[in-house]
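Structural features, examined
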Amino acid sequence: MQNRSQAFIGGFLLLLGIGFLLANVLKINFWTICYPAGLILIGVLMLIRPKVFDTSSVSSWYLFGDVKRGSEWTPVDEEFWLFFGDVKLDFTQAQLPPGETHICINGLIGDVDVIVPADVGVAVSASGVFVDLRTPTDKADRFLSPASSASLNYAAAERKLHLSTTFVIGDIDVVQR
């Protein structure tokens, strides 16, 4: 497992499969138990807001809707949690600090579009059930398998962006200009 999000999805699918198996063997209605338990789990997750990074990173939750960052802004280590939505991050005018900036995006179904200047190194790791990853150097369609890509200048770049995504269904597009 490459990250905690991937382990979480694997564990969730394992528990869901065991639950369905037990429901068939014991002849019980699985949804009468799972539906309320799922709502409780979502509520708990929203209250405790788990952090993938350390406590200094920013965490944002979106139930439905879009996340848009552009124009002049200063990116920091940040994680986004969304159920359904689009994430559009334009780093062309951003004040990206020297070193590596981590952006983590997690959700059920999402479309991620990232625009990065040519002098910034970009590394992307995407995991989920269905993943469609497009970068300037790679194109990958995956089913239950992680995909990763790094720009040719990533190792030598002064400013780096590390994008990590986990979706059940995710479309990730990275463009360097």
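Before any of the text, the structure's been laid out above.
Residues numbered from 1 in each chain as written. Predicted model: local features only at pLDDT ≥ 70, side-chain atom pairs only at ≥ 80, totals over all residues. Heavy atoms only, no water.

For the coordinates displayed, the defined rule picks out two aromatic pairs. Ring centres 5.1 Å apart and planes at 40 degrees place the aromatic pair Trp-73 and Phe-91 in the tilted group. Placement of the pair is Trp-73 in the loop between strand 1 (58-69) and strand 2 (78-90) and Phe-91 in the loop between strand 2 and strand 3 (99-116), with a sequence separation of 18 residues. For Trp-73, a relative accessible area of 12% translates into the label buried. Centroid distance Phe-130 to Phe-143: 5.0 Å. Interplanar angle 45 degrees. Geometry classified as tilted. Pair noted here: Phe-130 is in strand 4 (residues 121-134) and Phe-143 is in strand 5 (residues 139-143), with a separation of 13 residues, a long-range link. A relative accessible area of 43% means that Phe-130 is categorised as partly exposed. (Phe/Tyr/Trp six-rings, centres within 6.5 Å; stacked < 30°, edge-to-face > 60°. Helix = DSSP H or I, 4+ residues; strand = E, 2+ residues; numbered from the N terminus. Buried < 20%, exposed > 50% of the residue type's maximum accessible area, 1.4 Å probe, protein only.)

To continue, consider unusual backbone geometry. For Ser-71, which is not a glycine, the phi torsion comes out positive at approximately 55 degrees. Within the secondary structure, Ser-71 sits in the loop between strand 1 and strand 2. Owing to a relative accessible area of 51%, Ser-71 belongs among the exposed residues under this scheme.

What follows deals with a nonpolar patch on the surface. A cluster of nonpolar side chains, namely Phe-12, Leu-13, Leu-63, Phe-64, Phe-84, Leu-108, Ile-109, Phe-130, Phe-143, Leu-144, Val-168 and Ile-169, defines an oily patch on the protein surface of about 1100 Å² accessible area. For the nonpolar patch, the secondary structure elements donating two or more residues are helix 1 (4-26), strand 1, strand 3 and strand 7 (159-176). The topology assignment puts Leu-13 in helix 1. (Patch = residues over 30% accessible without salt bridge, like charges linked within 9 Å, V, L, I, M, F, W, Y side chains within 5 Å. Areas by Shrake-Rupley, 256 points an atom, 1.4 Å probe, with all protein chains shown as cover. Salt bridge = Lys/Arg side-chain N within 4 Å of Asp/Glu carboxyl O.)

With that settled, the discussion passes to empty space enclosed by the protein. In this structure the tally under the stated criterion is one cavity of 30 Å³ or more. Val-122, Val-124, Thr-135, Pro-136, Thr-137, Ser-149, Ala-150, Ser-151, Val-174 and Gln-176 together form the lining of the largest cavity. Sorting the residues of the lining of the largest cavity by element identifies strand 4, strand 6 (147-150) and strand 7 as the ones contributing at least two each. A class-by-class count of the residues in the lining of the largest cavity yields five nonpolar, five polar and no charged. (1 Å grid on protein atoms, 1.4 Å probe; cavity = no way out; pocket = protein on both sides within 12 Å on 5 of 7 lines; lining within 4 Å. Points joined across faces, edges and corners; volume = space filled by probe spheres on them. Nonpolar A, V, L, I, M, F, W, Y, C, P; charged D, E, K, R; others polar.)

Bear in mind that shape data such as this cannot, by itself, settle questions of function.
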